[in-house]
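Close look at the chain arrangement
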Amino acid sequence: MLTKRIIPCLDIKNGRTVKGVRFENIRDAGDPVELAKWYAEQGADELVFLDITATNEERKTFAELVRDIARHIDIPFTVGGGISAVADVEVLLQAGADKVSINSAAIQNPALVEDLAKRFGSQCVTVAVDTKHTDATGWKVYARAGTVETEHATVDWARKVTDLGAGEILLTSMNNDGTKAGFALDITGAVAKAVSVPVVASGGAGSKQHFADVFHQAHADAALAASLFHFRELEVPDLKKYLKEQGVDVRL
Amino acid sequence: MNLVIVDYKAGNVQSVLFALERLGIQAKLSADFETIKSADKVIFPGVGEASSAMAQLKARNLDKLLPTLEQPFFGVCLGMQLLCKHSEEGDTDLLGIIPLQVKRFQTNLKVPHMGWNQLENLQSPLFEGIKEQEYVYYVHSYYVPNSDYTIAQSVYPEPFSAALQYKNFYAAQFHPEKSGPAGSQIIKNFLAL
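Residues numbered from 1 in each chain as written. Chains lettered and ligands numbered in written order. Predicted model: local features only at pLDDT ≥ 70, side-chain atom pairs only at ≥ 80, totals over all residues. Heavy atoms only, no water.

**Topic: the interface of chain A and chain B**
Interfaces are often sized by the amount of accessible area the parts lose when they come together. This is how it is decided: Two residues qualify as a contact provided that any one of their heavy atoms is within 4.5 Å of a heavy atom in the partner residue. Here the quantity called buried area is the total loss of accessible area, with a 1.4 Å probe, experienced by two parts when brought into contact, counted for both. By salt bridge we mean one thing: a side-chain nitrogen of Lys or Arg within 4 Å of a carboxyl oxygen of Asp or Glu.
In this complex, chain A contributes 37 residues to the contact, which on the side of chain B involves 28 residues. Taking both sides of the interface into account, the surface hidden between chain A and chain B amounts to around 2500 Å²; carbon and sulfur atoms contribute 52%. Seen at the junction of chain A and chain B, the total is three salt bridges. Ionic pairing is found between Asp221 of chain A and Lys110 of chain B, a salt bridge with its closest N-O pair at 3.6 Å.

Here it is as structure tokens:
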């Protein structure tokens, strides 16, 4: 049975994890490699590393980090942040990343998705979609780290990038992100139903129940969280045990 | 051990090299005929698209060399599919070492088949120490149906070949280099053949 995936997400700045993380049993929780190894041992199914730095110089540091991560962990990982060209992706995949996630660049230049899929295969192209709901607009796609509203309706955009060759959608609800009130079940369900590729739900996880809900009710293929795991409010083994009890197929 | 990884610009070469490094094993990356022929064992990685991978192999004449090899050989993911005869992906003629067809998943389940799935019906020394229903990581849109050469299967939603063996040619559709300790064990098993 193909299992639902649990994915911790790490924000990286200058080669270090950003958010203050509380791990007593890790030598250096600011070291992404140490943290990644720990999550892999805990049973995380994949990891996502987001480079939140901006300059080209820092981006080189990130590529070196990707190589270091690939050297040390034996589960798949996706890298994203600031990717805008085929050449950026080539560097990251050659460094050992399994997938890349692109966001604003896909909005600015949708042909990039097609180029990447042709060049490297759909299996390594994740399109990250930041979405926000207002009563006036419905669920719209946002660019530039959620600061710029686009004209794209979320379900239409997910369909479009899938047609262009995206192999996975990473859907983040800005309404839910940081609230710990649960994932956005309605838009996640709508996107999961609309596209033929796997959908990763992100934003709003606050309890084990929220993960069960997003798998059972919204049919997400994977669920991502950051601070919930980093602050150890929820641990991956407990979460997976709970999900199994709730009838969700997970890797234990 | 003289271990050679076939170099034809496949996407996951670095991951395979790192997986071997974690096992304390050095491998040579090469497209050179003599280097490959004289290897004790050969690993043939691959991700990406079948027709462009075949073009890369042909550009190096590796399509002529690989079928003649006699040492233990391990194709991974696309490297497994390329050993077969034909793929629906780009209607591509493959190396033709194993007389099988590669098909696209026709299912209302999500494609690519992406994530951790279970191994069943393990029938090879390649799976020494691996338990039935062990989880391994997959990411692929095309598959090889079960056949006489199938040495393990997974189910999505029908059973398909998780691994193949024909003579000295072993192959896995999943990614042992990304499948945690079980994946490392499978690589070790290959190296011990």
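**Concerning unusual backbone geometry**
Most of the time, phi is negative for any residue but glycine, and the peptide bond is trans. So the rule is basically this: Elements are defined by DSSP. Helices are runs of H or I of four residues or more, strands are runs of E of two residues or more, and each kind is numbered from the N terminus.
Pro112 of chain B follows Val111 of chain B through a cis peptide bond whose omega is 10°. Checked against the element boundaries, Pro112 of chain B lands in the loop between strand 7 (101–104) and strand 8 (113–118). Its identity as a non-glycine residue notwithstanding, Lys180 of chain A has a phi of 60°, on the positive side. For Asn61 of chain B, which is not glycine, the phi dihedral falls at a positive 60°.

**Considering the pairing of strand 9 (residues 168–173) of chain A**
Residues and elements named next belong to chain A. The criterion, for reference: Classification of residues uses two cut-offs on accessible area relative to the type maximum, computed with a 1.4 Å probe and protein chains only: under 20% is buried, over 50% is exposed, and between them is partly exposed. Each pair of strands is called paired provided DSSP finds at least two bridges between the two strands. If you view a crossover with the strands going away from you and the path from the first strand over the helix to the second runs clockwise, you call it right-handed.
Of all the six residues making up strand 9, six are buried; the element is thus mostly covered by neighbouring parts of the structure. Residues of strand 9 alternate between two faces, with Glu168, Leu170 and Thr172 on one and Ile169, Leu171 and Ser173 on the opposite face, all of them buried. Sheet topology places strand 6 (residues 125–134) next to strand 9; six bridges connect them, and they run parallel. What sits directly across from Val129, in strand 9, is Leu171. By the bridge criterion, four bridges tie strand 9 to strand 10 (residues 199–202) in an arrangement that is parallel. If you follow Leu171 over to strand 10, its bridge partner there is Ala201. Regarding topology, helix 7 (residues 185–194) serves as the crossover connection from strand 9 to the parallel strand 10, and that connection is right-handed.

**A word on the pairing of strand 3 (residues 41–44) of chain B**
All names here are of chain B. Burial along strand 3 is two-sided: Lys41 and Ile43 and Val42 and Phe44, pointing in opposite directions, are all buried. Sheet topology places strand 1 (residues 3–6) next to strand 3; three bridges connect them, and they run parallel. Each bridged residue has a counterpart across the sheet, and for Val4 the counterpart in strand 3 is Val42. Two elements, strand 3 and strand 4 (residues 73–76), share three bridges in a ladder whose sense is parallel. Bridged to Phe44 within strand 4 is Gly75.

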